[in-house]
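# Per-entry structural report
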Protein chains: 4
Amino acid sequence: MRKRIRSYRHKVQYYETDQMQLVHHSNYIRWFEEARTDFMEQVGLPYQAMEEQGILCPVIEMSAKYMRMVKFGDTVRIRSKIEVYNGIKLILSYQVISTETKLIHCTGESQHCFLSNKGKPIFLKKEQPAVHEIFAAYARKKKEDKSNEN
Amino acid sequence: MRKRIRSYRHKVQYYETDQMQLVHHSNYIRWFEEARTDFMEQVGLPYQAMEEQGILCPVIEMSAKYMRMVKFGDTVRIRSKIEVYNGIKLILSYQVISTETKLIHCTGESQHCFLSNKGKPIFLKKEQPAVHEIFAAYARKKKEDKSNEN
Amino acid sequence: MRKRIRSYRHKVQYYETDQMQLVHHSNYIRWFEEARTDFMEQVGLPYQAMEEQGILCPVIEMSAKYMRMVKFGDTVRIRSKIEVYNGIKLILSYQVISTETKLIHCTGESQHCFLSNKGKPIFLKKEQPAVHEIFAAYARKKKEDKSNEN
Amino acid sequence: MRKRIRSYRHKVQYYETDQMQLVHHSNYIRWFEEARTDFMEQVGLPYQAMEEQGILCPVIEMSAKYMRMVKFGDTVRIRSKIEVYNGIKLILSYQVISTETKLIHCTGESQHCFLSNKGKPIFLKKEQPAVHEIFAAYARKKKEDKSNEN
């Protein structure tokens, strides 16, 4: 049921650097979003379709640890996983891996809730069972996490 | 009728620099928007109010000339003027002036049209005469342009 | 010795919104930087001067909690405080407060280390005692934290 | 000598939208840079190598025309061409084409000069003849421009 998820590839752009001659730390937060968008497409829940169905999935918490610098011209791969899903709350984790060094350069997490267009909380299990099933499928089997690698 | 417009002040942020250790050129485009937003408030047409009335004012053309570099920690002032307004089309010009050197570091222009929420062109003179009057007042008197300085 | 620190004022820009019609979550990370830059200036350690002295102060961890939305046209004030400073590590906290509602809309923290231009760790107490004294002055007196408000 | 240049592919990200629910106009300027970076790599002059050789290539003019909107989830291809190259000045043009509609959604141009690390103008023909030859090769044969398509 659960497919193998490919990691997301990002090539570092000039405009993502700052005068320390490294990627500005705020851009990793945007890369997490790029990777999450890609993850959602791969599992069959593209954001556009979610928003058209009236499900918003805003970020309510965010964290990042910057371990090794990333520079202009580098290419990174980002692995996204669902760490927690309970029908109300979704937590994804991210690993930013240099394609050159194969080392983890940054890790992060984002926590999300589910809201209707009018800003009311949605309980997915009841109101959007098909969406719920997918999140649950990719979250629940902790032991199979190795399948989520590239 | 027409008030004196104060120039807009922007302090350069670290995240606006790139690895050339200068402000990345795309950020000036954003500063023009900051200055335009401020200009619109000063003339009594804040964007929020415009959008609530159902008037969108998208950018359809944009240009910039980068004459002197701007660095982190610099403060610039931006002068906005209406160069053209004819009821359908709006052209603003921008001058980015260093508060330290008093020199013009960048100039630019943006051209806008007026659309309804549904994306249909709006002819302001007919459909929004009060809005039209304001744009016309700040655009038409070419000889008074000296009033538009700070 | 320790001055009262003014909170930092930020007016929300159009380009900071996303299609959820709220500020994109990555921009708060940039606002924290704006507030931190301002804080550093107020305490007498502007980033430019730090970098000219050969002290880099990169972000090594970052977190944010998004509690209430912020919209285009809103103005927020950001309060920055030094939560931890031990000569090697610096942790600042941020509160994003709506000027309208007076409520906290977002909180966050950033952790920093100190590096030389060549990327080697700097032990400020020994190598930059004047800089060290300032950080220590603004960090150590937990009971006086009320002075850090606006 | 002159290879066929592949157009550059960009997938629109959520953080690139604004509250008009379209891509914010400043992001196209960044896409031009992404496409230019890719073009430079394809012709054998990657920016990193240029900067390591001490050649900076800053943007000194920029323009864009926004013809059709681009939305989150769209994929565009960007075609870059050298319009002018005379040893001192470089002008590239860009076409942003929707992969779905095959229509041109945006066009633009960027003008560049060549500077040393110290900010002095470089006359490439004399000082960097190998770099000069490449720019000249991709610029001069106006009639072969059809090869520059994808």
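## What to know about the confidence of the model for chain A
Per-chain confidence: chain A averages 93 in pLDDT, with 92% of residues scoring 70 or above. Scoring of the predicted complex yields 0.93 for pTM and 0.91 for ipTM.

## With respect to the sheet that holds strand E4 (residues 89-98) of chain C
Taken in spatial order, the 10 strands of this open sheet run E1(A)-E3(A)-E4(A)-E5(A)-E2(A)-E2(C)-E5(C)-E4(C)-E3(C)-E1(C), and their pairing is antiparallel. For this open sheet the edge positions go to strand E1 (8-11) of chain A together with strand E1 (8-11) of chain C, each flanked by a neighbour on one side alone. Averaged over all neighbouring strand pairs, the angle between strand axes comes to 20°, with direction disregarded. Relative to strand E3 (residues 75-85) of chain C, E1 of chain C runs antiparallel, the two sharing four bridges. Of the residues in E3 of chain C, the one forming a bridge with Arg9 of chain C is Arg77 of chain C.

## Some thoughts on the interface of chain B and chain D
Listed as interface residues are 15 residues of chain B and, on the opposing side, 15 residues of chain D. Sorting the residues of the side of chain B that touches chain D by element identifies helix H1 (25-43) and strand E2 (59-66) of chain B as the ones contributing at least two each. Top element by residues in the side of chain B that touches chain D is E2 of chain B. It accounts for eight residues. A breakdown of the residues in the side of chain B that touches chain D according to their chemical character gives nine nonpolar, three polar and three charged.

## Regarding the relation of the copies chain C and chain A
When chain C is fitted to chain A, the residual RMSD is 0.0 Å, and the transformation amounts to a turn of 180° plus an axial shift of 0.0 Å. Such a combination of rotation and displacement between the chain copies is what one expects of a two-fold axis. Relative to the rotation axis, the closest C-alpha in chain C is found at Ser63 of chain C, a distance of 2.0 Å. When the interface residues of chain C are mapped onto chain A, 100% of them again lie at the interface, so the same face is used by both copies.

## Quick notes on the interface of chain C and chain A
Residue-level contacts link 15 residues of chain C with 15 residues of chain A. Counting residues per element, the side of chain C that touches chain A draws most heavily on strand E2 (residues 59-66) of chain C, which supplies eight residues. Taken together, the residues of the side of chain C that touches chain A break down into nine nonpolar, three polar and three charged.

## Some words on the sheet that holds strand E3 (residues 75-85) of chain D
What the 10 strands build is an open sheet, ordered E1(B)-E3(B)-E4(B)-E5(B)-E2(B)-E2(D)-E5(D)-E4(D)-E3(D)-E1(D); its pairing is antiparallel. Of all strands in the sheet, those bounded by a partner on one side alone are strand E1 (8-11) of chain B together with strand E1 (8-11) of chain D. Each neighbouring strand pair of the sheet contributes to a mean axis angle of 20°, computed without reference to strand direction. Of the pairings in the sheet, the one linking E2 of chain B to strand E5 (residues 104-113) of chain B comprises seven bridges and is antiparallel in character.

Parameters at a glance
- Residues numbered from 1 in each chain as written.
- Chains lettered and ligands numbered in written order.
- Predicted model: local features only at pLDDT ≥ 70, side-chain atom pairs only at ≥ 80, totals over all residues.
- pLDDT = per-residue confidence, 0-100.
- Pairing = 2+ DSSP bridges.
- Helix = DSSP H or I, 4+ residues; strand = E, 2+ residues; numbered from the N terminus.
- Axes fitted to C-alpha atoms, helices over the stretch in contact; angles between N-to-C directions.
- Contact = placed C-beta atoms within 7 Å.
- Nonpolar A, V, L, I, M, F, W, Y, C, P; charged D, E, K, R; others polar.
- Least-squares fit on C-alpha atoms with pLDDT ≥ 70 in both.

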